[in-house]
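So you can see what is in the structure, the chains are spelled out below.
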Amino acid sequence: AKVLASDQYDRASLEVAIAAAGKRESTVLTGPLLTQLTNPQFGVRVAVLKAISGSKRLKEPGMVDALVDRLGDQDNLVRGFAAKVLAEAGGARAKEALSKQLAVEKNEVVRRVLEQCLARMQ
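A. Layout of the environment of leucine 34. With respect to the helices and strands, leucine 34 occurs in helix H2 (residues 30-36). In this structure leucine 34 comes out as partly exposed when scored by relative accessible area, which is 23%. The spatial distance from the C-alpha of leucine 34 to the C-alpha of leucine 49 is 9.4 Å, given a sequence separation of 15 residues. If we skip the residues at most four places from it in the chain, leucine 34 touches Met63 and Ala66.

Right, dumping it as structure tokens:
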């Protein structure tokens, strides 16, 4: 948790800590993981999305909102991963956010991911 809560560590250290945190179901680590979703390094943001994918954390308060925020990320890869994880989380809010992003998304690959996610949620 110390590494996740700090901005004093390099990308590799953060990614290792994020992967380890993703394997633990402790809710204590959710806040620090959410904080790293806004890390300036896209690889760190992707690592967080991978870590929370398929975990119980998807149902924790604030998680869907944080994922919705990442749909507006400057990086295409982050937007695509955020869409996939948001679809896993499910629910009306997730579906609405994915639909809204599809309406404005300019990147063709991310558009396809959004379409696939919405189709899986039907």
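B. Spatial organisation of the side chain of aspartate 73. Topologically, aspartate 73 is positioned in the loop between helix H4 (63-70) and helix H5 (76-89). Note on aspartate 73: relative accessible area 5%, which makes it buried. Within the structure, aspartate 73 has its side chain in polar contact with the side chain of arginine 45 (distance 2.8 Å). Excluding its chain neighbours within four sequence positions, the residues that come into contact with aspartate 73 are Arg45, Val78 and Arg79.

C. Geometry of the nonpolar core. With 30 residues, the main nonpolar core has Leu49, Leu67, Leu71, Leu86 and Leu98 as its most contacted residues. At the level of secondary structure, the elements contributing two or more residues to this core comprise helix H3 (42-52), H4, H5, helix H6 (92-104) and helix H7 (108-121). With seven residues, H5 is the largest single contributor of residues to this core. Those residues within four positions of leucine 49 in sequence are excluded, and the remaining contacts are Leu37, Leu67, Val78, Phe81, Ala82 and Val85.

D. Broad picture of H6. With 13 residues, H6 should reach 18 Å at 1.5 Å per residue; the first-to-last C-alpha distance of 19 Å fits that figure. Every buried residue belonging to H6 is among Ala94, Ala97, Leu98, Gln101 and Leu102, and all of these are buried. Buried residues of H6, seen end-on, are gathered within an arc of 135 degrees and therefore sit on one face of the element. Turned more than 90 degrees from where H6 packs its buried face, Ala92, Lys100, Ala103 and Val104 sit exposed. Summarising the contacts, the buried residues of H6 are in contact with H4, H5 and H7.

Here is what the cut-offs are and how they apply
Residues numbered from 1 in each chain as written. Predicted model: local features only at pLDDT ≥ 70, side-chain atom pairs only at ≥ 80, totals over all residues. Heavy atoms only, no water. Helix = DSSP H or I, 4+ residues; strand = E, 2+ residues; numbered from the N terminus. Buried < 20%, exposed > 50% of the residue type's maximum accessible area, 1.4 Å probe, protein only. Contact = heavy atoms within 4.5 Å. Polar contact = N/O pair within 3.5 Å; in protein donor to acceptor, adjacent residues only side chain to side chain. Core = buried A, V, L, I, M, F, W, Y, C linked by side-chain atoms within 4.5 Å. Expected span 1.5 Å × (residues − 1). Arc of directions from axis to C-beta.

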